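# Breakdown of the fold
Listed below are the residues making up each chain.
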There are 2 protein chains.
Amino acid sequence: MQFNRSDIDVMSPRFRAQFINSLSGYKSANLVATRSRDGKENVAIVSSVFHLGANPPLMGVIFRPHSAPRHSLENLLDTGEFTLNQVNMEIYRCAHQTSARFEREQSEFVEVGLTAEYEEGVFAPFVQQSRVKMGLKVVDHQIMCNKTELVVGEIFMVLAPAQSVVDDGYIDIAGLGAVAVSGLDSYHVGRPLERLAYAKPNQPVRPLVCETAQSE
Amino acid sequence: MQFNRSDIDVMSPRFRAQFINSLSGYKSANLVATRSRDGKENVAIVSSVFHLGANPPLMGVIFRPHSAPRHSLENLLDTGEFTLNQVNMEIYRCAHQTSARFEREQSEFVEVGLTAEYEEGVFAPFVQQSRVKMGLKVVDHQIMCNKTELVVGEIFMVLAPAQSVVDDGYIDIAGLGAVAVSGLDSYHVGRPLERLAYAKPNQPVRPLVCETAQSE
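Sequence order sets the numbering: in each chain, residues are counted from 1 along the sequence as written. Lettering for chains starts from A, numbering for ligands starts from 1, and both go in the order in which the items are written. In view of the model being predicted, local features appear only for residues whose pLDDT reaches at least 70, and side-chain atom pairs are presented and counted only at 80 or more, with totals across whole chains, interfaces and linings using the full set of residues. The side-chain numbers reported here are obtained from all heavy atoms of the structure, hydrogens and water having been left aside.

Going by the annotation in an unreviewed UniProt entry, the name recorded for chain A is Flavin reductase, with Gilvimarinus gilvus given as the source organism. Under the heading Cofactor (unreviewed entry), UniProt records this for chain A: "FMN". The Sequence similarities (unreviewed entry) field of the UniProt record for chain A holds the comment "Belongs to the flavoredoxin family." UniProt positions are given in the numbering used here, feature names are shortened, and annotations may be inferred rather than shown by experiment.

Below, the structure is given as structure tokens:
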């Protein structure tokens, strides 16, 4: 079925939000955690984290104007630091609940039942119940053409279970129960199909042979 | 296990690429399709498409400098138009093969076994075998701090099976066999957990009640 721009423009705002949010495919599910200068902890689910580069290690995050993670955005711009914590199947309901519009005085950690955990030398909290976590410094901040805000963070620390990192550096996130989002509210776990070897012209596609790959 | 920045900096480039690419969680899998002014068709897999906004409907795509989708980037900047086509479980191997470094004269469509398909009034080709597809106009282009390039596209057309669009606008991408990527080369399908209702403070998390949701 073909939807033209005029069809999209007359959709109700909520219908259009679900529809357009479904188009990009699966989205990553992460908790952004911050602390204000006066010590208030914030945690908010974001489905807009994307890989920007490995060397230096950089992540991008999109924040919507006036949305629930607004306090997180203010904190990370003010303190220059935040953490990203992968959502897994044990905590996706708590993670979803962070999107409620809590008051500034309320800590989402307390309200939704997640635990803030600190590492030496890191100002922002990590989420104890997450299994793959990053500490980041803010290195860029831009207002996009639709007034959403793009924050680029440079990774200075990674926390991940040693046994989930396979020989070639890949982290078996399916084995760790990582969750993906589609639309605004649909949660999924991943079922691995296969890993594929580096593609070369005029050679057939072939599975990656990696003895320690644990995603099978 | 804790990995500090000094640990990351001494990883081999390939190991670090796998490791850092795994950290954001599941990534969307899309084929960007373009046509040059002189009629050469290009198609390339990208795992860096992200939702930027629903009104107007905007998608962001990150292109790496000197990577395989370079020809696609040149075409879309030159013609102002591209399509995004969700990768599904029937075509993920062909989609992966588009990442081989083909010569300019070679069309990845022919080389990997995908089919270009045209819609009236759209210059860029769609991928016939994809089930959820978008036509986009380039509305922004920025060089990021690490020399990757961010392209923002505004959606002017969507093609999706009517029966996959549920009552509230959500598209059942799991039912359509959509694929997610983790790391550089690991492909997954999604197994739906549940949809959750709009979160409100001081109300427990609850499943979305939506009779026509087909993802269960």
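Two rings from Phe, Tyr or Trp (for Trp, the six-membered ring) form a pair when their centres are within 6.5 Å of each other. A pair whose planes differ by under 30 degrees is stacked, one over 60 is edge-to-face, and the rest are tilted. As enumerated under the stated definition, the model contains six aromatic pairs over all chains in all. Grouping aromatic residues by their ring pairs yields a cluster made of Phe-3, Phe-15 and Phe-19 of chain B. Definition used: whenever NZ (Lys) or CZ (Arg) falls within 6 Å of the ring centre and also within 35 degrees of the ring normal, the charge is taken to sit over that ring. Taking NZ or CZ as reference, Lys-137 of chain A lies 5.1 Å from the ring centre of Phe-156 of chain A, over its face.

Taken together, the contacts link 104 residues of chain A with 104 residues of chain B. For this analysis, a salt bridge means a side-chain nitrogen from Lys or Arg found within 4 Å of a carboxyl oxygen belonging to Asp or Glu. As a salt-bridge pair, Glu-154 of chain B and Arg-5 of chain A come within 2.7 Å of each other at their nearest N and O atoms. A 3.5 Å cut-off defines polar contacts: any pair of N or O atoms within that distance qualifies, except that in protein one atom must be a possible hydrogen donor and the other a possible acceptor, and neighbouring residues in sequence count only when both atoms are side-chain atoms. The interface formed by chain A and chain B holds 52 residue pairs in polar contact (both at pLDDT 80 or more) in total. Partitioned by chemical class, the residues of the side of chain A that touches chain B number 58 nonpolar, 28 polar and 18 charged. By the convention used here, residues are in contact when the closest approach between their heavy atoms is within 4.5 Å. Note on residue categories: nonpolar means Ala, Val, Leu, Ile, Met, Phe, Trp, Tyr, Cys or Pro, charged means Asp, Glu, Lys or Arg, and polar means any other residue, Gly included.

To continue, consider the pattern of salt bridges. Overall, the coordinates contain 22 salt bridges over all chains when judged by the stated rule. Two residues, Arg-195 of chain A and Asp-185 of chain B, come together in a salt bridge whose shortest N-O distance is 2.8 Å. Residue Arg-195 of chain A is located in strand S13 (residues 186-195), and its partner Asp-185 of chain B is located in the loop between strand S12 (179-182) and strand S13 (186-195); the two belong to separate chains. In this structure, the salt-bridge partner of Arg-195 of chain B is Asp-168 of chain B, at a minimum N-O distance of 2.7 Å. Linking Arg-195 of chain B in strand S13 with Asp-168 of chain B in the loop between strand S11 (149-159) and S12, this pair joins segments that are 27 residues apart in sequence. Buried residues are those whose accessible area, probed at 1.4 Å on protein chains only, stays under 20% of the maximum for their type, while exposed residues exceed 50% and partly exposed ones sit between those limits. Residue Arg-195 of chain B is classed as buried on the basis of its relative accessible area of 3%. Classification of Asp-168 of chain B as partly exposed rests on a relative accessible area of 22%. Numbering of helices and strands runs from the N terminus; a helix is a DSSP stretch of H or I covering at least four residues, while a strand is a stretch of E covering at least two.

All right, on to the relation of the copies chain A and chain B then. Between chain A and chain B, which share one sequence, the superposing operator has a rotation angle of 180° and an axial displacement of 0.0 Å; the RMSD is 0.0 Å. Such a turn and shift between the copies fits a two-fold axis. Of every C-alpha in chain A, the one belonging to Gly-190 of chain A sits nearest the axis of rotation, 2.3 Å from it. In this assembly the copies share their binding face: 100% of the residues contributing to the interface of chain A also contribute to that of chain B. Copies are brought into register by a least-squares superposition over C-alpha atoms of residues with pLDDT of at least 70 in both.

This part is about the sheet that holds strand S2 (residues 27-28) of chain A. Read across the sheet, six strands follow the order S2(A)-S12(A)-S13(A)-S13(B)-S12(B)-S2(B) without closing on themselves; strand pairing throughout is antiparallel. The open sheet has two edge strands with one neighbour each: S2 of chain A together with strand S2 (27-28) of chain B. In terms of strand pairing, strand S12 (residues 179-182) of chain A meets S13 of chain A through four bridges, oriented antiparallel. Of the residues in S13 of chain A, the one forming a bridge with Ser-182 of chain A is Ser-186 of chain A. Strands pair, by our definition, only if DSSP identifies at least two bridges between them.

Turning our attention to the pairing of strand S3 (residues 30-35) of chain A. All names here are of chain A. Across the six residues of S3, five count as buried, placing the element largely inside the fold. Inspection of the sheet shows S3 paired to strand S4 (residues 41-46) by six bridges, in the antiparallel sense. Within the sheet, the bridge partner assigned to Leu-31 lies in S4 and is Ile-45. Once S3 ends, the chain turns through five residues before running back antiparallel as S4, passing Gly-39 with a positive phi of about 95°. As judged from the four bridges shared by S3 and strand S7 (residues 81-86), these two strands associate in the antiparallel manner. Each residue of the ladder has a partner; that of Leu-31, found in S7, is Asn-85.

A few words on the environment of Asn-55 of chain B. Residues and elements named next belong to chain B. Along the chain, the position of Asn-55 falls in the loop between strand S5 (49-54) and strand S6 (57-63). Relative accessible area serves as the criterion here: at 56%, Asn-55 is assigned to the exposed category. Separated by 77 residues in the primary sequence, Asn-55 and Val-132 place their C-alpha atoms 19 Å from one another.

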